[in-house]
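Structure assessment
Each chain is listed here by its residues.
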Amino acid sequence: MDFTAKDKMVAILVNMGYPAVDALEAVEKCGLQAEIMELTDYIYAAQMEKQHDVILQEPAYIWPKPPHDNLPSRSRGKRKFCDSRVSLPKEMIGFGVPGHPRYIVERRLPKSALGPPYFYYENVAYSPKGTWETMSRFLDEIKPEFVDSKYFCAAARKRGYIHNLPILNRFRLSPKPPCTIQEAFPDSKRWWPSWDRRTQLNCLLTVVSGFKLSEDIQKRLESCPGATPPKEVQEYVLAKCRKRNLIWVGKNNVAPLEPEEMEMILGFPKNHTRGGTTRLDKFRALGNSFQVNTVAYHLSVLKKEFSYGMNVLSLFSGIGGAEVALHRLGIPLNHVVSVESSEVNKNIFRSWWKQTNQRGTLIEIGDIQHITIDMVGQWIKAFGGFDLIIVGSPCNNLAGGNRVSRNGLDGELSSLFYHYYRILHIVRDMMGR
DNA sequence: AAAAGCATGAGATGAAGA
DNA sequence: TCTTCATCTCATGCTTTT
């Protein structure tokens with residue numbers, strides 16, 4: 001290499017005001033044939049890139065080390081399935097539901113998953129492929145417990161739960177809520193046609209159908225001669241009723257559920273969502289909520305240990321399904337940190353907190369992304385630690401009803417799951433885990 | 001400006017059968 | 001093992017009304 005030529009070019013660049021290190025790098029990368037202009041461009045681009053790297057590396061959060069990305073283990077021979085694939089059971093009864101007991105001899109939890117704190121995570125069962133595998137991977141490889149709330153109330157609600165709770169000696173809330181449409185809506189019996197054999201409703205969603213569909217159905221039925229409509233009409237009406245979760249409220253007249261009826265089915269107190277909200281807000285809040293009886297059944301195992309109360313970190317609290325469940329179990333809420341971004345939901349929850357005369361302290365946080373290590377440290381210092389972290393992270397990008405942005409766990413809202421992972425590890429670290 | 005009304009399938013799964 | 005068929009889903013975004 002011609003050292004003289006190289007030194008000369010570096011010297012020119014240094015004279016132009018560029019750092020010697022950058023000048024040397026530029027000459028070496030671009031070669032001796034390069035023009036001065038080309039070299040200065042290179043240095044400029046390299047400097048910008050470095051700056052960019054610095055900006056990117058600035059840690060907005062300190063993320064815990066992600067779990068090892070297990071490759072699917074393939075068996076020898078023709079078997080193509082991988083062992084890590086989560087399969088959804090046909091009957092979603094998890095570790096057992098009332099009436100369908102199923103005895104688990106042993107449930108193995110990895111050491112890293114053992115409490116305290118206990119954690120309880122929930123999301124929709126029918127998520128895009130691979131979603132539950134990823135969630136499990138981030139949550140100590142615990143396999144989700146899939147449970148359909150149709151065993152606890154009059155509507156289906158297929159959800160997966162990843163938790164480290166004990167599962168023996170669960171008990172359910174009393175009184176037992178109505179588990180069939182007929183029990184839940186006795187008044188509808190007199191309008192219910194014999195050819196509609198539904199006994200339970202489908203999943204309660206965040207939107208309900210409008211008046212137009214009911215009108216259309218009524219017209220079709222009334223244009224039929226005779227007592228019972230022909231098969232085609234029956235099937236058409238039934239399909240609509242199933243899809244839009246309609247019940248019979250008059251002669252040939254179907255209607256969607258009212259917010260108060262959804263509250264009842266989901267196990268909330270009457271008028272829980274009353275406080276100053278629009279109809280749309282109520283449907284959205286309820287459609288996104290826990291089914292209280294189901295969650296309470298799982299949390300019931302904590303009653304003995306925490307009969308004097310517990311400290312709860314509640315992420316994505318919504319309208320407070322978790323807190324309502326604990327309250328109805330008779331577990332006092334000593335300290336609750338509730339993270340919820342919707343003002344409407346916060347109002348509903350605060351209103352419940354006052355109405356039930358809670359004596360514990362409530363700390364409200366709007367955005368989970370604003371939670372820092374220092375904040376968690378202050379909470380733990382103030383009241384000792386958390387006994388339970390309870391989370392139902394956004395399902396918007398996972399739910400089957402989303403036709404626009406069902407793009408999985410990395411979607412805009414559903415990716416907030418990773419903040420739960422982040423915070424869970426902060427809490428564990430601070431509690432000496 | 002806010003609330004309500006309304007149209008918009010894909011994707012996954014399981015059952016049944018070829 | 002491969003089709004078909006039936007079923008169901010914590011929703012979004014545009015339009016209309018209040």
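All values reported here derive from a predicted model rather than from experimental measurement.

Looking now at the overall build of chain A. Along its length, chain A carries 14 helices and nine strands. The C-alpha atoms of chain A give a radius of gyration of 29 Å, which is well past the 22 Å a tight globule of 433 residues would have. Along the first, second and third principal axes, the C-alpha set of chain A runs to 105 × 60 × 60 Å. With an accessible surface of roughly 23,500 Å², chain A has 53% of that area assigned to carbon and sulfur atoms. Side-chain charges of chain A comprise 57 positive and 45 negative groups, with the mean position of each set lying 12 Å from the other.

This part covers helix 2 (residues 20–30). Along helix 2, the positions that sit buried rather than exposed are Asp22, Ala23, Ala26 and Val27. Down the axis of helix 2, the sector holding all buried residues measures 135 degrees, keeping them to one side. Exposed side of helix 2, more than 90 degrees from the buried face: Val21, Glu28 and Lys29 are the residues found there. Where helix 2 ends, the next residue or the one after it, Gly31, has phi of about 90 degrees, a positive value.

Residues in contact with DNA strand C amount to 22 residues; listed here are only the nearest, Val124, Arg159, Cys203, Thr206 and Cys395. When the atoms of DNA strand C within 4 Å of the protein are grouped by moiety, sugar and phosphate amount to 66% of the total. Between DNA strand C and Ser393, the relevant distance is 3.3 Å, taken from a base nitrogen to a main-chain nitrogen or oxygen of the residue. Gly400 is positioned with one of its backbone polar atoms (N or O) 3.3 Å from a base oxygen of DNA strand C. Residue composition of the surface near DNA strand C, grouped by class: seven nonpolar, 10 polar and five charged.

This brings us to the pattern of salt bridges. Within the structure shown, the criterion is met by 10 salt bridges. Measuring nitrogen to oxygen at the nearest pair gives 2.9 Å for the salt bridge that ties Arg279 to Glu258. Taken together, the residues Arg279 in helix 9 (residues 279–287) and Glu258 in the loop between strand 5 (253–255) and helix 8 (259–266) connect sequence positions 21 residues apart. A relative accessible area of 44% places Arg279 in the partly exposed class. For Arg350, the salt bridge goes to Glu364, with nearest N and O atoms at 2.8 Å. Residue Arg350 is found in helix 12 (residues 343–355), and its partner Glu364 is found in strand 8 (residues 361–365); the two are separated by 14 residues along the sequence. For Arg350, a relative accessible area of 27% corresponds to the partly exposed category. What makes Glu364 partly exposed here is its relative accessible area of 29%.

Before going further, it helps to spend a moment on the packing of helix 10 (residues 292–299) against helix 11 (residues 321–329). Viewed as axis vectors pointing N to C, helix 10 and helix 11 meet at an angle of 60 degrees, and their least axial separation amounts to 9 Å. The orientation of helix 10 with respect to helix 11, classified from their angle, is oblique. Considering the relative orientation of helix 10 and helix 11, their crossing is right-handed. Facing helix 10, whose interface residues are Val292, Asn293, Val295, Ala296 and Leu299, helix 11 presents Gly321, Val324, Ala325, Leu326, Arg328 and Leu329. Looking at the contact of helix 10 with helix 11 residue by residue, the classes come out as eight nonpolar, two polar and one charged.

Moving on to the sheet that holds strand 8. If you trace the seven strands from one edge of the open sheet to the other, you get 2-3-1-9-6-7-8, paired in mixed fashion. Strand pairing shows two members of the sheet lacking a second neighbour, strand 2 (145–148) and strand 8, which therefore form its edges. Strand-to-strand, the axes of this sheet are offset by a mean angle of 20 degrees, without reference to chain direction. Across five bridges, strand 1 (residues 118–124) lies against strand 3 (residues 158–163) in antiparallel orientation. Counterpart to Tyr121 in the pairing with strand 3 is Ile162. Helix 14 (residues 417–430) rests against strand 1, strand 6 (310–315) and strand 9 (388–392) of the sheet, and its axis sits at about 175 degrees to strand 1.

So, on to the domain arrangement of chain A. Looking at the assigned domains, one finds that chain A contains domain 1 (3–57), domain 2 (111–176 + 267–430) and domain 3 (181–262). Taking only C-alpha atoms into account, the centre of domain 1 sits 54 Å from that of domain 2.

Here we take up the side chain of His298. Examined against the element boundaries, His298 turns out to sit in helix 10. Ignoring any residue separated from it by four or fewer positions in sequence, one finds His298 in contact with Tyr120, Glu145, Val147, Tyr161, Leu165 and Arg170.

Looking now at the packing of aromatic side chains. In total, this model carries 17 aromatic pairs according to the counting rule given. Taken together, a centroid distance of 5.5 Å and an interplanar angle of 85 degrees make the contact between Trp132 and Phe146 edge-to-face. Placement of Trp132 in helix 4 (residues 131–138) and of Phe146 in strand 2 is noted, with a sequence separation of 14 residues between them. In terms of burial, Trp132 and Phe146 fall into one category: buried.

On to the packing of helix 8 against helix 9. Packed helices, taken two at a time, are described by the angle their axes make and the gap between the axes. Following both chains from N to C, one finds helix 8 and helix 9 inclined at 15 degrees, their axes separated by 10 Å at the closest point. With respect to their mutual orientation, helix 8 and helix 9 come out roughly parallel. The hand of the helix 8/helix 9 crossing is left-handed. Touching Pro259, Glu260, Met262, Glu263 and Leu266 of helix 8 are Arg279, Lys282, Phe283, Leu286 and Gly287, all from helix 9.

Another point: unusual backbone geometry. A cis amide bond links Ser174 to the next residue, Pro175, at an omega of 5 degrees. Tracing the backbone shows Pro175 in the loop between strand 3 and helix 5 (181–184). Despite not being glycine, Glu141 shows a phi value in the positive range, around 65 degrees. Accessibility expressed as a relative area gives 38% for Glu141, which makes it partly exposed. In this structure, Asn245 is a non-glycine residue whose phi angle is positive, near 55 degrees. Looking at the secondary structure, you find Asn245 in the loop between helix 7 (231–244) and strand 4 (247–250). The buried category is assigned to Asn245, whose relative accessible area is 8%.

Cut-off values and rules
- Residues numbered from 1 in each chain as written.
- Chains lettered and ligands numbered in written order.
- Predicted model: local features only at pLDDT ≥ 70, side-chain atom pairs only at ≥ 80, totals over all residues.
- Heavy atoms only, no water.
- Helix = DSSP H or I, 4+ residues; strand = E, 2+ residues; numbered from the N terminus.
- Rg over C-alpha atoms; globule rule 2.2 N^0.38 Å.
- Areas by Shrake-Rupley, 256 points an atom, 1.4 Å probe, with all protein chains shown as cover.
- Lys, Arg positive; Asp, Glu negative; His and termini not counted.
- Charge placed at Lys NZ, Arg CZ, Asp CG, Glu CD.
- Buried < 20%, exposed > 50% of the residue type's maximum accessible area, 1.4 Å probe, protein only.
- Arc of directions from axis to C-beta.
- Near = heavy atom within 4 Å.
- Polar contact = N/O pair within 3.5 Å; in protein donor to acceptor, adjacent residues only side chain to side chain.
- Nonpolar A, V, L, I, M, F, W, Y, C, P; charged D, E, K, R; others polar.
- Salt bridge = Lys/Arg side-chain N within 4 Å of Asp/Glu carboxyl O.
- Axes fitted to C-alpha atoms, helices over the stretch in contact; angles between N-to-C directions.
- Parallel < 35°, antiparallel > 145°, perpendicular 65-115°, else oblique.
- Left-handed = near helix turned anticlockwise from the far one by under 90°.
- Contact = heavy atoms within 4.5 Å.
- Pairing = 2+ DSSP bridges.
- Domains from an automatic or database assignment.
- Phe/Tyr/Trp six-rings, centres within 6.5 Å; stacked < 30°, edge-to-face > 60°.

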